[in-house]
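Coordinates in review
Below are the chains, spelled out letter by letter.
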Amino acid sequence: MSVYKLVCPACGERMRIRNSEGQTPTFRTIYGQCQNLACGLVLTGSMSWDYQINTSGMDKPRVVLPIAPSVAKMQALRDSRPASDQPDLFDQPLKEALA
Ligand SMILES: [Zn+2]
């Protein structure tokens, strides 16, 4: 599992999310505090989910977001290719393509 490391914009040390409030299923207000005692910056901001990269496996997902433009572009390129049995770069699994 990877953990996103938040960095204090004032001193470059690690920030910790102290609290968050869900505003909608895809938008949260977050409150962060710098872990450097000499700095102690406290910030508020937001986090949002903007696009789907892969669809939910649920029958009736609570939200359906727009498909990410990069994924839509890759699909358009795939659809515009002449039919061929030869695999190319666009045939690799999506997770590898986005890594
Ligand atoms: Zn700091």
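Residues numbered from 1 in each chain as written. Predicted model: local features only at pLDDT ≥ 70, side-chain atom pairs only at ≥ 80, totals over all residues.

Per an unreviewed UniProt entry, the protein chain goes by the name Transcriptional regulator and belongs to Stutzerimonas zhaodongensis.

1. Notes on the overall build of the protein chain
Test applied: Secondary structure counts use DSSP, requiring at least four H or I residues in a row for a helix and at least two E residues in a row for a strand, with both numbered from the N terminus. Three exposure classes are used. Buried residues have 20 or more other C-beta atoms within 10 Å of their own C-beta, exposed residues have 12 or fewer, and partly exposed residues fall in between, all C-beta atoms being placed from the backbone.
Looking only at helices and strands, one finds two helices and three strands in the protein chain. Along the protein chain, helices (α) and strands (β) appear in the sequence β-β-β-α-α when read from the amino end. Out of the 99 residues belonging to the protein chain, those deemed buried represent 2%.

2. Side note on the pairing of strand β2 (residues 27–34)
Where a strand is regular, its side chains alternate between the two sheet faces. Basically, it comes down to this: We call two strands paired when DSSP finds no fewer than two bridges between them.
Pairing of strand β1 (residues 15–24) with β2, which is carried by eight bridges, proceeds in the antiparallel orientation. Paired with Arg 16 across the bridge in β2 is Gln 33. Linking β1 back to β2 in an antiparallel pair, the connection comprises two residues. As paired strands, β2 and strand β3 (residues 42–48) are joined by seven bridges and run antiparallel to one another. In the strand pairing of β3, Arg 28 is matched with Met 47.

3. Details of the UniProt feature "domain: Zinc finger Ogr/Delta-type" (unreviewed entry) in the protein chain
Just so we agree on the cut-off: UniProt positions are given in the numbering used here, feature names are shortened, and annotations may be inferred rather than shown by experiment.
The UniProt record marks residues 8–43 with the feature "domain: Zinc finger Ogr/Delta-type" (unreviewed entry), using the residue numbering of this structure. Within the segment residues 8–43, helix and strand shares are 0% and 56% respectively, and the terminal C-alpha atoms sit 9 Å apart.

4. Points about helix α1 (residues 69–80)
Quick note on the threshold: One less than the number of residues in a helix, times 1.5 Å, gives the span that helix is expected to have.
Compared with an ideal rise of 1.5 Å per residue, which puts 12 residues at 16 Å, α1 spans 16 Å between its outermost C-alpha atoms and is within 8% of the ideal. Burial runs low along α1: only zero of the 12 residues are buried.

5. Concerning the sheet that holds β2
What counts here: In this description, a line fitted to the C-alpha atoms serves as the axis of each element, helices being fitted only across the stretch in contact, and the angle between N-to-C directions of two axes falls anywhere from 0 to 180 degrees.
Spatially, β1-β2-β3 is the arrangement adopted by the three strands of the open sheet, whose pairing is antiparallel. Every interior strand has two partners, whereas the edge strands, β1 and β3, have only one. Averaged over all pairs of adjacent strands, the angle between their axes in this sheet comes to 25 degrees, without regard to strand direction.

6. With respect to the environment of Leu 41
Let me state the cut-off plainly: Contact between residues is assigned whenever the C-beta positions, reconstructed from backbone atoms, fall within 7 Å.
Topologically, Leu 41 is positioned in the loop between β2 and β3. For Leu 41, a count of 14 C-beta atoms within 10 Å puts it in the partly exposed group. Spatially, the C-alpha atom of Leu 41 lies 8.9 Å from that of Pro 9, the residues being 32 residues apart in sequence. Setting aside chain neighbours within four positions, we find Leu 41 in contact with Cys 8, Ala 10 and Cys 34.

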